[in-house]
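Single-letter residue listing:
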Amino acid sequence: MASPRRSIVFMFVFVGIAAVAVLFVASWFGGGWPRAGIPGLPSPGLLTTVGLPVVRVLHDICAVATVGTLLTAVALAGDPASRREITRAAGPWALAWAAAAALTQILTLSDLLGLPVGEALESGFLPTYSMEVPQGQAFMVVTLLALVIAAGTTLRLGTWGRALLLVLAVFTVLPPAYVGHSASAADHNIAVSSLMLHIAGVTLWVGGLFGLVTHLRRSEGPALAVRRFSAIALCCFVAVGASGLVNAWIRLGGPTQLWETRYGLLILAKLAALALLGGFGWTHRHRTIATLDPAPAVPPPADPGLAPTLDPAPAVASSAAPESVPALDAASAVPPPADPDLTPAPDTTPAVPSPAGPDPAPLPAPGSGIALLGRVAGAGAFVRLATAEIAVMACTIALAVGLSRTPPPRAGALHDQHQLLGYTLPPFAPWRLITETRPDPIVILAVAGVAIAYLVGVRRLVRRGEPWPAGRTLAAMAGLLILLYGLAGGVSAYGPAMFSMHALQYALIGTVGPALLALGAPLVPVQEAAPLAQRTANGPVALGLSNPLTATALYAVPYLLLYVTGLFQPVQSSLAVRLASVTVMAVTGTWFFCVALGLDPLPRAISPVIRTRMLVGALVVQAWVALVFIGGPTQGEDWYGALAIPWAPDRVTDQQAGAVLGAGPAAVTIAALLVLMAVWRRRARRRVATRDPAPQPSTARS
Ligand code: HEM
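As the structure is a computational prediction, the values presented were derived from the model and not from experiment.

Some points on the overall build of the chain
Thinking step 1. Along its length, the chain carries 29 helices and 0 strands.
Thinking step 2. Long-range pairs, those at least 24 residues apart, make up 79% of the contacts in the chain between residues at least 6 apart in sequence.
Thinking step 3. Entry remark: accessible area of the chain is about 30,500 Å², with carbon and sulfur atoms responsible for 72%.

Here we look at the state of the cysteines
Thinking step 1. According to the stated counting rule, one finds 0 disulfides in the structure shown.
Thinking step 2. Of the cysteine sulfurs around C235, a residue in no disulfide, the closest is that of C236, at 6.7 Å.
Thinking step 3. Judged by its relative accessible area of 54%, C235 falls in the exposed class.

Comments concerning empty space enclosed by the protein
Empty space among the atoms becomes apparent when a probe as large as a water molecule is rolled across them.
Thinking step 1. Going through the model one piece at a time under the given rule, you end up with 7 cavities of 30 Å³ or more.
Thinking step 2. As a volume, the largest cavity reaches approximately 250 Å³.
Thinking step 3. Forming the boundary of the largest cavity are 19 residues, of which L487, S492, Q505, L575 and R578 lie nearest the centre.
Thinking step 4. Going through the elements one at a time, α8 (188–215), α20 (499–519), α25 (568–573) and α26 (575–597) are the ones with two or more residues in the lining of the largest cavity.
Thinking step 5. A total of 4 residues in the lining of the largest cavity trace back to one element, the largest contributor, which is α26.
Thinking step 6. Of the residues contributing to the lining of the largest cavity, the split by class is 10 nonpolar, 6 polar and 3 charged.

Looking at the coordination of the iron atom of the ligand
Thinking step 1. Donor atoms from the polypeptide that coordinate the iron atom of the ligand comprise H198 (NE2) and K270 (NZ), at 1.8 to 2.0 Å from the metal.
Thinking step 2. Note that the iron atom of the ligand binds 6 donor atoms; their angles at the metal cover 79 to 179°, and the shape is octahedral. In this pair, H198 sits in helix α8 while K270 sits in helix α11 (residues 262–286), placing the two residues 72 residues apart along the sequence. Taken individually, H198 and K270 each receive the classification buried, so the pair is uniform in this respect.

A word on a positive patch on the surface
Thinking step 1. Together, R682, R683, R685, R686 and R687 line one region of the surface with positive charge.
Thinking step 2. The residue R687 is located in helix α29 (residues 651–691) in this model.

Examining the environment of T108
Thinking step 1. With respect to the element layout, T108 can be found in helix α3 (residues 80–113).
Thinking step 2. When the C-alpha atoms of T108 and T48 are compared, they prove to be 7.8 Å apart, with 60 residues separating the residues in sequence.
Thinking step 3. Sequence-distant contacts of T108, defined by excluding residues within four places in its chain, comprise L52, Y129 and Q135.

Re the pattern of salt bridges
Thinking step 1. The tally for this structure, following the rule as stated, stands at 4 salt bridges.
Thinking step 2. Measuring nitrogen to oxygen at the nearest pair gives 2.6 Å for the salt bridge that ties E528 to R464. One end of the pair, E528, is in helix α21 (residues 523–529); the other, R464, is in the loop between α17 (441–463) and α18 (470–488), and 64 residues separate them in sequence.

Concerning the packing of aromatic side chains
Aromatic ring pairs are described here by two measures, namely the spacing of the ring centres and the angle between the planes.
Thinking step 1. Inspection of the entire model under this criterion finds 16 aromatic pairs.
Thinking step 2. On the basis of an interplanar angle of 35° and a centroid distance of 6.3 Å, the ring pair of Y563 and F568 is categorised as tilted.
Thinking step 3. Accessibility expressed as a relative area gives 5% for Y563, which makes it buried.
Thinking step 4. We classify F568 as buried; its relative accessible area is 1%.
Thinking step 5. Taking the centre distance of 4.9 Å and the plane angle of 75° together, the rings of F592 and F593 count as edge-to-face.
Thinking step 6. One aromatic cluster is present, formed by F499, Y563, F568, F629 and Y640 through successive ring pairs.
Thinking step 7. For R262, the ring lying beneath its charged end belongs to F29, and the centroid distance is 4.4 Å.

Section: the nonpolar core
Thinking step 1. Core analysis: the largest hydrophobic core is formed by 138 residues, its most contacted members being W205, Y563, F592, F593 and L615.
Thinking step 2. Setting aside anything within four residues of it in sequence, one finds Y563 in contact with F499, H502, F568, V625, V628, F629 and Q635.
Thinking step 3. Of all hydrophobic cores here, the second largest spans 9 residues; its members include A26, A248, I267 and L403.

Some remarks on the environment of G161
Thinking step 1. Within the secondary structure, G161 is located in helix α7 (residues 159–172).
Thinking step 2. For G161, a relative accessible area of 24% corresponds to the partly exposed category.
Thinking step 3. In this structure, the C-alpha to C-alpha distance between G161 and V74, residues 87 residues apart in sequence, is 9.5 Å.

Section: the packing of α3 against α7
Thinking step 1. Packing of α3 against α7 leaves a shortest axis separation of 12 Å and a crossing angle of 25°. The angle between α3 and α7 falls in the class roughly parallel. α3 and α7 meet at a crossing whose hand is left-handed. Residues R83, R84, T87 and W97 of α3 lie in contact with α7, whose contacting residues are R162, L165, A169 and T172.

Description of helix α15 (residues 380–404)
Residue pairs spaced three or four apart in an α-helix point in one direction, given the helix's 3.6 residues per turn.
Thinking step 1. In this model, α15 (25 residues) spans 36 Å end to end at C-alpha, consistent with the 36 Å of a helix rising 1.5 Å per residue.
Thinking step 2. Burial within α15 is extensive, with 21 of its 25 residues counted as buried.

What about unusual backbone geometry?
Phi is mostly negative for residues that are not glycine, and the peptide bonds are mostly trans.
Thinking step 1. A positive phi angle is found at A521, which is not glycine, with a value near 45°.
Thinking step 2. Residue placement: A521 occurs in the loop between α20 and α21.
Thinking step 3. Even without glycine at this site, A644 takes up a positive phi of about 50°.
Thinking step 4. With respect to the helices and strands, A644 occurs in the loop between α28 (637–643) and α29.

Quick notes on the confidence of the model for the chain
Thinking step 1. Mean pLDDT for the chain: 82, with 79% of residues reaching 70 or above.
Thinking step 2. Least confident of the elements in the chain is helix α13 (residues 330–333), whose mean pLDDT is 41; most confident is α20, at 97.

Quick look at α11
Thinking step 1. When the terminal C-alpha atoms of α11 are compared, their 36 Å separation across 25 residues agrees well with the 36 Å that a helix rising 1.5 Å per residue should span.
Thinking step 2. Burial in α11 covers these residues: Y263, G264, L266, I267, K270, A273, L274, L277, F280, G281 and H284.

Overview of the side chain of H215
Thinking step 1. Assignment of secondary structure puts H215 in helix α8.
Thinking step 2. Residue H215 is classed as buried on the basis of its relative accessible area of 7%.
Thinking step 3. Other than its neighbours up to four places away in sequence, H215 contacts T69, T72, I86 and A89.

Structural notes on the environment of T172
Thinking step 1. The residue T172 is located in helix α7 in this model.
Thinking step 2. The class of T172 is buried, set by a relative accessible area of 0%.
Thinking step 3. Between the alpha carbons of T172 and A138 there is a distance of 9.4 Å; along the sequence they are 34 residues apart.
Thinking step 4. Excluding its chain neighbours within four sequence positions, the residues that come into contact with T172 are W97, V142, L145, A146 and I149.

Here we look at a nonpolar patch on the surface
Thinking step 1. There is a patch of nonpolar side chains on the surface, built from L245, W259, L265, L268 and L271 and spanning about 450 Å² of accessible area.
Thinking step 2. As for its position among the elements, W259 is in helix α10 (residues 257–260).
Thinking step 3. The class of W259 is exposed, set by a relative accessible area of 54%.

Conventions used here
One numbering rule holds for all chains: residues counted from 1, following each sequence as written. With pLDDT at 70 or above as the cut-off, local features in this predicted model cover only qualifying residues; side-chain atom pairs require 80 or more to be listed or tallied, and sums for whole chains, interfaces and linings still use all residues. Here the side-chain values reflect all heavy atoms present in the structure, with hydrogen atoms and water set aside. Secondary structure counts use DSSP, requiring at least four H or I residues in a row for a helix and at least two E residues in a row for a strand, with both numbered from the N terminus. When checking whether two residues touch, look at their non-hydrogen atoms; a contact exists if any pair is within 4.5 Å. Using the Shrake-Rupley algorithm and a 1.4 Å probe, accessible areas are obtained, with residue cover drawn only from the displayed protein chains. In this description, a disulfide is simply a cysteine sulfur pair whose atoms lie within 2.5 Å. Buried means the residue's accessible area, taken with a 1.4 Å probe over protein chains only, is under 20% of the maximum for its type, while exposed means over 50%, and partly exposed covers the values in between. Using only the protein atoms, space was sampled on a 1 Å grid; points where a 1.4 Å probe fits but cannot get out form cavities, open sets with protein on both sides within 12 Å along at least five of seven lines form pockets, and lining residues are those with an atom within 4 Å of a point. Grid points are joined across faces, edges and corners, and a volume is the space filled by probe spheres set on the points. Side-chain classes follow a simple rule in which Ala, Val, Leu, Ile, Met, Phe, Trp, Tyr, Cys and Pro form the nonpolar group, Asp, Glu, Lys and Arg form the charged group, and the remainder, Gly included, forms the polar group. Sites may look incomplete because water is not among the atoms; the donors themselves are N, O and S atoms within 2.8 Å of the metal, or within 3.2 Å for Na, K and Ca. In these descriptions, tetrahedral denotes four donors with every angle between 85 and 135 degrees, square planar four donors and octahedral six donors with opposite donors over 155 degrees apart and the rest between 65 and 115, and irregular any other case. By definition, no residue in a patch forms a salt bridge, and every one has over 30% relative accessible area; like charges are joined within 9 Å, nonpolar side chains (Val, Leu, Ile, Met, Phe, Trp, Tyr) within 5 Å. When a carboxyl oxygen of Asp or Glu lies within 4 Å of a side-chain nitrogen of Lys or Arg, that pair is called a salt bridge. The sign given to each residue is positive for Lys and Arg and negative for Asp and Glu; His and the chain ends receive no count. Charge positions are represented by NZ for Lys, CZ for Arg, CG for Asp and CD for Glu. Stacked, tilted and edge-to-face pairs are distinguished by plane angle, under 30 degrees for stacked and over 60 for edge-to-face with tilted covering the rest, among Phe, Tyr and Trp rings (Trp via its six-membered ring) whose centres lie within 6.5 Å. Cation placement over rings: the criterion is NZ of Lys or CZ of Arg within 6 Å of the ring centroid and within 35° of the ring normal. Buried Ala, Val, Leu, Ile, Met, Phe, Trp, Tyr and Cys residues form a nonpolar core when they are joined through side-chain atoms within 4.5 Å. The axes used here are C-alpha line fits, helices contributing only the stretch in contact, and every angle between their N-to-C directions lies in the interval 0 to 180 degrees. Each angle is binned into one of four classes, with values under 35 degrees roughly parallel, values over 145 roughly antiparallel, values of 65 to 115 roughly perpendicular, and all other values oblique. Two helices cross in a left-handed way if the nearer one is turned anticlockwise from the farther one by less than a right angle. They cross in a right-handed way if the turn is clockwise. Expected span of a helix, by definition, is 1.5 Å for each gap between consecutive residues, and there is one gap fewer than residues. Summary of the metric used: pLDDT quantifies the predictor's per-residue confidence within the range 0 to 100.

The structure is reproduced here in structure tokens:
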């Protein structure tokens, strides 16, 4: 019987061969390979034409394995020891990723120059290519960051350190989305952001499953780890499908292209792959997860399966000062985590002891590795099916690389979009703030994700008999709707073209939306729905961030950076910086109002006086913003100059209009909150007064 290690190697080789086969069939079918040599023009040679797509698949697989292993360490592994061990296991994958990215760099240069690898290197063009050509820059960034990740895995990291390494790894898969077909696509911005979401979703999904199968026996109990991963997998499944369809739509331009073009037929193949993977998920849900539970249900018939569920979480309470709403001392609300690494908050799900007892030592190898893993963790059915699933995913990634080397039908078609904006924008009219949209899948899925987490959390609280005022849910959903409009509606279409619309957009996503969302006390239900959020809810970072000064600074500093340090220009011209900027505005705004309103559980109690001062501070920030817009330097001179939109309003007048349309609604919102806080305080004082009326002067003393 083959040793466990040999079986796993066998599995990798089998999946690798299958993936390379799919890659070449897809590239041949799409016309991306073999490329007909053009007489008189030099050819890069076989090493490049064959090597480049293969190395590209290896690159994607190493990225997936690195991200997946880190995800397992951050979100699935139970005890600190295995988290550290699994984090270290990501090191070799990150090194392989760096090597594959560097090789992709060299082979792409050879492909672009049409010279064999040796001659391409001798041309001395590699440094210029790496520093100045977008494709070169993208893979150079990936190479360097993958090396940083590899180094990071050798450090002794805590929860936050590991989480940051995971975020860095997910970020590192994104630069290639900026180059390739997306760069020349119609609606460049949505093409790039949908592909970024697509690749990030694929990497977390496939990588997470890989990490789970490879490290399952080290996690806190297979059922718990699988269920936690399944929630992540469900989100990724939706994100990959939605972003893939948006990206495909941009490249195809119409439904008939799906069956009239080779590119379209490859997309259909991917759709079939996604449906098959969905089928795996459904089968898992009804079969294999049950086999992982301590009291395994009757073992399922031969064909096992997997699907997403969510963990139940502990109850929590608000942090506001007593006279506003009933509050608990933060310390007593949630006991601090025992482990210095901030181990997860107490979980109500019964710990699933592995059938072989706690953290079994590796058993001698009486059979294949997978069977061994399955037997150790009682996860046979799960691991077998998950391994087949990983094989399908690896082949789909190979299919995708073949697709990315196939010319899309609209390639080279002239698009009537604005070159700098990257999309078509009709002349401004107020009603177009309703009709125009920027359906960016990253934004839409992020807001939808928060809304779903909120509603799932509320449903769980209510099911457990905890009352949840409908007014809070309404406020939260209204806040999320305003965020969605600010990020994907007409104001986000005109924001990059007109300063007044930028100001209105940032008022909606930085103040109005977040204030309403905070009135919905979002941290309670979100922690209920996402157990991982509980791990850090009472940690030192949350304690630091809930300091009133820190929270107010988080609200104020983004405005300072935008309008004083010149960050406004890159925010307008670069999609990545723009996405980062709107994310920072929405997240810091929401956190600020959560701390200031005090409806959410926070690791510290804050008096109503301090919270009122925080809101007054925010009002001062908005007054300052209005003054900068009216009397300060004209923002984005070069950007608006380069845009040269014929119907754009006069810049100075438009910027001054920003003071009214931007700082105006923000200030009104904050003022309304101040009134609301005053009403709460008066009501609380009246409640205290009626509850323990002041003692009547006794007649005895007289
Ligand atoms: C609804 C199903 C899907 C659709 C419509 C779709 C569509 C697309 C499109 C249009 C691209 C860009 C290709 C190009 O550059 O021209 C892409 C890239 C990609 N897709 Fe998908 N996809 C789907 C599902 C999947 C699945 C299930 C996986 C993997 C499990 C996957 C993995 C990838 C990868 C890795 C890339 C980047 C390829 C590269 O540039 O190296 N996709 N997809």
